[in-house]
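Given next are the chains, with one letter for each unit.
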Amino acid sequence: MQPTRLSATVAALALTASLAGTLAGTASAVTPAPQPVPPGHGKSLALAAADKAADSGLDGLRHGVDEELVRTAVTPWSGGLYYATYQRTYKGLPVAGGDAVVLSDSSGKVRDISSAPAPAIRLSTKATVSSAAALATARGRLAEVESASAPELTVLLKGNKPVLTWHTLVVGRTAAGRPSSLDTYVDARTGAVARSTDKILHADGRGYHNGTVTIDTAASSMTDPTRSGFQCGGQNGGAYTGSSPWGSGSANDLVTACVDIMYAAQRESDMLKQWFGYNGQNGQGGMVPARAGLTEVNAYYDGTKTTFGRNQGGTMQLTGIDVVAHEYGHEIFDRTPGGSGSSNEMGGMNESTGDIFGALTEHFANNPNDTPDYTVGEKLNFLGDNKPIRYMYNPSLANNDPNCYTQLSSGTEVHAGAGPQNHWFYLLAEGNNPGGGKPTSPICSGGPSSVTGIGIQKAGKIFMGALLMKTSSWNHLAARRATLTTAKNTYGSAECNAVKAAWNAIGVPAQSGETDCGGTTTPDFSLALNPSSGSVQPGASVTSTVNTSTTGGSAQSVQLSASGAPSGVTVSFSPSSVTSGGSSTMTVQTAAGTPNGSYAITVTGTGSATHTVTYQLTVGSGNPQPTGCDNTEYTYQGTLASGQAQAQPDGSYYYSATAGTHVGCLRGPAGADFDLYLQKWNGSAWADVAVGGTAGADEDTSYYGTAGYYRYVVHAYSGSGAYTLGLSAP
C-alpha cells in the first residue's frame, strides 16, 4: 500500500483523535510515561478505557468466545464524562439483549458499568425459515399494514435462552382499528413468533393552544430547517405548506395544531440541549415527524412518527405542551441505550418518562397559557370532572394508581405503572413539602421522615443521565443504581443523597454495588487484559498483561487469580498481587495433551471489591502471535479484523521530552496487509509524521522528531489476525 492511500478508518482516527475498533496492547517493559493529557484527547482516553473494559469482559461485560461487544454510540456528558453504548453480537449477528453501557472519564477511568444479563450463547446461525416467510408471519399479526422493515437475522435472548430469529418492525392497525407498531421476532427455525412488542404507548391528552409563539420552519412548509427529520402535516405524511404566520388560531384548525406540536417539540429539544447538553430527542439533533388530524381520542409514538388526535367532544386537538412532550419523551426513551424493552415494568417506566419530560418541557417553556405543573391532562376534562388523569406528586389521586414500588405487580397497567417513578421524580425535584403553593407529596411506608428537593433542572439532568445507562433489562432497581451514579458523578454527595432519599421514599430498596454517596471517594479499581485473547498449540504457552487502575480512593493491593481453565491448562501471574495502577504478566501454559478448542478463562482481581475479566484461549488452531520486533524497547500485541484500527500504546499515547528518533516495528499475520502510522499531536489533532504502508503484513518506520505527544496507529488494510508492535522512543 502506498503512503498516500490512507483509509477512511485511519483518516477519521487521525482527525478526531477518537479510537476505532478494539484497543489492545501488552507492554513487555514500562510504557513511555504520558504527561498531562493534550487538549481534546480526553475523549480518546475515555473511549479507550471503555473499549478495553468491553474487550476484556470486565464484570457484567463478560462475553463468550464467539461474542463481541460492539460500541454503537457515544454520548458526552458534563465533567468530562462519556457514556459508551455497546451491542452484543454472536458470530457477527446482532443480539437482542445482553447490551451494556460503560461510563468513563477523560482521564481514562471507568466510572461504572450497566449491563443486561446474558447467558453464554451457543447455537447454530443457520435459518431454516426464510426471511420472506418470517415477514409474512409478522405482517399477518396486523389487519392493515402501513410499512414493514426488512427482516434481519438476530439472536434473541428470551428467558435466559438464545433463540435464532428474524427481526422486523411492522407498522399498521389491528383488527380493532387501533394503531400498532409491532417489534417482532420470528423463530428462524420453527416460524413461530418468539416475541412481539407493541411500541405504541397510547397516551390520553388534551388540546389547547399556546397563543402566538415562535416556531422554526422553512419558508414555505412546516419543516424544521435545523432539527433533522422533524416536520408536521396531516395523516398523509407530508408537511403542510404555506407561509408565516401559520395557522388560524382556531381549536380544530390542523395547521394551528401543527403550530402547537412544533412549538412544544422544539421547546423540548431546546430544553434537552440547554439544560442537559443532550442533542435532541433522538440524540443526534433531530426527531421523528409529526402528524395531526387523527379522528380518534388518542396520541401516540410508534417508533417512526408521532400522531395526534382530538378530545372526546371533538372541540379541540390533543396538542398541549405536556402531551406533545410526553410523546416525544417516548422517542427519548426509545433512542437511548436499551430501547423500549418488552417488560411490563419497563413499559410503565416508559410512560413515566413521557410524563417527566412533559413536566420538564412545561417548566422550560414557562408559557403563561399553560403554567408549569406536575399533573397530566389537567385541561382535558378526560373524566368529566375537570381533573387531571395523572398526578405525579400523588399518583393515587387518579384511579388509585400506585404511589409506591411495592404496590406494583406484573399485571399493573402501564399508565398506572408510571406512578412510582413519577412520584420519585416529584420528590427529587420538589421534596415532600415544598411550600410556595406546590402540593405536598406522601412518603411510602418505611421511607424517610422527609425529603428535600433539589430543583427540577438538576432532577431532570440526573434522570437524563440515568437514561444513558439504560439497558434492555431496565427496571426500578436498575434506575436507582443509574441515578445514584449520575448524581454523584455529575453533581456530588448532596444530590446523590437526595436521589437516594427519594428512592427510599417510594420503597425502592438499596442495591448491591450502588454508588456510595459519601463525601469521599470509595476505594475501587478496574482490570483490563492486553490482549484479551490468544492462540496456542498444545504444549506451548501464551502471555497477556493484566493492567489495573485506581478508579476511586487511594491505590490498593489487588490479588490476582484465575478460574475456568480446562484440564491441562495452568494459569500463573507474575507478580500474583499488584498495587492498583500496576500490571502483572499472566502466563497460560498448556500441556501436550490439551484438547483443541476455545475456552473462556476468568481472571479475578480481589481488593476492597472484586472484579473479573475474561481471557479467550484458543488451543490448537488460530494464528500464533507474530514475532520479530525483539530489538525495540517496548512491545505491544493486538488482534484486528479487516478494516479495523488500533492505537498504541494501550489505546493511548506517550510523551517524548526530548528530540530524537522514534522507531516502530510492526509484524502482522501472513498474507495480510497491515499498515503502521506514527502520529504527533499538533495542538488540535493527530497528524501523520511517518507511515509504513507497503502491501504486506510487516512495516518498519523511523522518524526524527522534536519533543511532544506521539502515538502509533495499526491499521488492517486487508486481512485479519494478530500483530506485534515494537517501539523505541527518545
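Residues numbered from 1 in each chain as written. Predicted model: local features only at pLDDT ≥ 70, side-chain atom pairs only at ≥ 80, totals over all residues. Heavy atoms only, no water.

Q: Help me get a handle on the packing of helix H5 (residues 321-335) against helix H6 (residues 344-365), residues and values and all.
A: Between H5 and H6, the shortest axis-to-axis distance is 7 Å and the interhelical angle comes to 130°. By the angle between their directions, the pair H5 and H6 is classed as oblique. With respect to the hand of their crossing, H5 and H6 are arranged in right-handed fashion. Residues Ile 321, Asp 322, Ala 325, His 326, Gly 329, His 330, Ile 332 and Phe 333 of H5 pack against Met 346, Met 349, Asn 350, Glu 351, Thr 353, Gly 354, Asp 355, Phe 357, Gly 358, Thr 361, Glu 362 and Ala 365 of H6. Looking at side-chain class alone, the contact of H5 with H6 contains eight nonpolar, eight polar and four charged residues. (Axes fitted to C-alpha atoms, helices over the stretch in contact; angles between N-to-C directions. Helix = DSSP H or I, 4+ residues; strand = E, 2+ residues; numbered from the N terminus. Parallel < 35°, antiparallel > 145°, perpendicular 65-115°, else oblique. Left-handed = near helix turned anticlockwise from the far one by under 90°. Contact = heavy atoms within 4.5 Å. Nonpolar A, V, L, I, M, F, W, Y, C, P; charged D, E, K, R; others polar.)

Q: Pulling in residues and values, what's your account of the confidence of the model for the chain?
A: Note that predicted coordinates carrying low pLDDT should not be read in detail. Mean pLDDT over the chain: 88, with 91% of residues reaching 70 or higher. Scored below 50 in pLDDT, residues 1-35 shows 111 contacts in the model against residues more than four places distant or in partner chains. Across residues 202-209 the pLDDT falls below 50, and counting only partners more than four positions away or on other chains, this stretch makes 48 contacts in the model. (pLDDT = per-residue confidence, 0-100.)

Q: Tell me what's going on with the nonpolar core, and back it up with residues and numbers.
A: Among the nonpolar cores identified, the biggest contains 57 residues, and Phe 276, Phe 357, Leu 360, Trp 424, Phe 425 and Met 464 are the most heavily contacted of them. The contact partners of Leu 360, leaving out residues within four places of it in the chain, are Met 271, Trp 275, Phe 276, Phe 425, Ile 456 and Gly 460. The next biggest cluster of nonpolar side chains, apart from the first, holds 36 residues, and it includes Ala 46, Ala 100, Leu 527 and Val 578. (Core = buried A, V, L, I, M, F, W, Y, C linked by side-chain atoms within 4.5 Å. Buried < 20%, exposed > 50% of the residue type's maximum accessible area, 1.4 Å probe, protein only.)

Q: An account of the pattern of salt bridges is requested, with residue identities and associated values reported.
A: Oppositely charged side chains can pair when the atoms bearing their charge come close. As enumerated under the stated definition, the model contains 20 salt bridges in all. Across the salt bridge formed by Lys 199 and Asp 334, the nearest N and O atoms sit 2.8 Å from each other. Highlighted residues: Lys 199 in the loop between strand E10 (193-198) and strand E11 (232-233) and Asp 334 in helix H5, separated in sequence by 135 residues. Of the two residues examined, Lys 199 and Asp 334, each falls in the buried class. Taking the shortest distance from any N to any O, the salt bridge between Asp 700 and Arg 667 comes out at 3.4 Å. Of this pair, Asp 700 sits in strand E32 (residues 699-705) while Arg 667 sits in strand E29 (residues 660-667); the two residues are 33 residues apart in sequence, bridging distant segments of the chain. Since its relative accessible area comes to 51%, Asp 700 is described here as exposed. (Salt bridge = Lys/Arg side-chain N within 4 Å of Asp/Glu carboxyl O.)

Q: Please give an account of the state of the cysteines that cites residues and values.
A: Throughout this description, disulfide means a covalent bond between two cysteine sulfur atoms. Counted under the stated rule, the structure contains four disulfides. The disulfide partner of Cys 496 is Cys 517, and the S-S distance across this bridge is 1.9 Å. Looking down the S-S bond of the Cys 496 and Cys 517 bridge, the torsion is -65°, so its handedness is left-handed. With a gap of 21 residues between them, Cys 496 in helix H10 (residues 493-505) and Cys 517 in the loop between H10 and strand E17 (524-530) connect regions that are remote in the sequence. Cys 629 shares a disulfide with Cys 665; S-S distance 2.0 Å. Its S-S torsion of approximately -80° makes the covalent link between Cys 629 and Cys 665 left-handed. Here the residue Cys 629 occupies a position in the loop between strand E25 (610-619) and strand E26 (634-640), and Cys 665 occupies one in strand E29, the gap between them amounting to 36 residues. If one numbers only the bonded cysteines of the chain, in the order they occur, the disulfide pattern is 1-2, 3-4, 5-6, 7-8. (Disulfide = S-S within 2.5 Å.)

Q: Explain the packing of aromatic side chains to me, using residue names and the numbers behind them.
A: All told, the structure shown has 18 aromatic pairs when counted by the stated rule. Each ring, one from Phe 357 and one from Phe 463, has its centre 6.0 Å from the other, and the planes form 55°; the classification is tilted. A residue pair is termed long-range when its members are at least 10 positions apart, and Phe 357 in helix H6 and Phe 463 in helix H8 (residues 456-467) qualify at 106 residues. Phe 463 matches Phe 357 in its accessibility class, with the two residues each being buried. Considering the side-chain rings of Trp 424 and Phe 463, the 6.3 Å spacing of their centres and the 45° angle between planes classify their relative orientation as tilted. Of this pair, Trp 424 sits in helix H7 (residues 419-430) while Phe 463 sits in helix H8; the two residues are 39 residues apart in sequence, bridging distant segments of the chain. Across the pair, Phe 463 and Trp 424 agree in class, each one buried. The rings of Phe 357, Trp 424, Phe 425, Phe 463 and Trp 503 are connected pair by pair, giving a single aromatic cluster. (Phe/Tyr/Trp six-rings, centres within 6.5 Å; stacked < 30°, edge-to-face > 60°.)

Q: Please provide a residue-by-residue account of H7, values included.
A: With twelve residues, H7 ought to run about 16 Å at 1.5 Å a step, and its terminal C-alpha atoms sit 16 Å apart, in line with that. Counting buried residues along H7, twelve of its twelve residues qualify, which places the element largely inside the surrounding structure. Residues of H7 that are buried include every one of Gly 419, Pro 420, Gln 421, Asn 422, His 423, Trp 424, Phe 425, Tyr 426, Leu 427, Leu 428, Ala 429 and Glu 430, and no others. Turning to H7, the residues buried within the fold contact H6, H8, helix H9 (476-490) and H10. (Expected span 1.5 Å × (residues − 1).)

Q: Go over unusual backbone geometry, please, and point to the residues and values.
A: With an omega of -5°, the peptide bond between Asn 530 and Pro 531 qualifies as cis. Mapped onto the secondary structure, Pro 531 falls in the loop between E17 and strand E18 (533-536). Omega for the peptide link from Gln 648 to Pro 649 comes to 10°, which places this bond in the cis form. Residues other than glycine seldom take positive phi values, yet Asp 59 does so here, at roughly 50°. Summarising the element assignment, Asp 59 is placed in the loop between helix H2 (42-56) and strand E1 (67-77).

Q: Quick rundown of the pairing of E25? Include the residues and the values.
A: Along E25, eight of the ten residues are buried, which leaves the element largely enclosed by surrounding structure. Where E18 lies against E25, four bridges are found, and the strand directions are parallel. When the bridges of E25 are listed, Ser 535 appears paired with Thr 618. The pairing of strand E24 (residues 597-606) with E25 spans ten bridges and is antiparallel. Following the sheet pairing, Tyr 599 is matched in E25 by Leu 617. Counting the residues in the hairpin turn of E24 and E25 gives three residues. (Pairing = 2+ DSSP bridges.)

Q: Can you break down the sheet that holds E17 residue by residue, with the values?
A: Spatial strand order, E17-E19-E23-E21: four strands in an open sheet with antiparallel pairing. Each end of this open sheet is capped by a strand with a single partner; those strands are E17 and strand E21 (569-574). Pairs of neighbouring strands in the sheet enclose a mean axial angle of 25°, with direction left out of account. Bridge count between strand E19 (residues 541-552) and strand E23 (residues 583-590): seven bridges; the pairing is antiparallel. Bridge pairing in E23 links Thr 545 to Thr 585.

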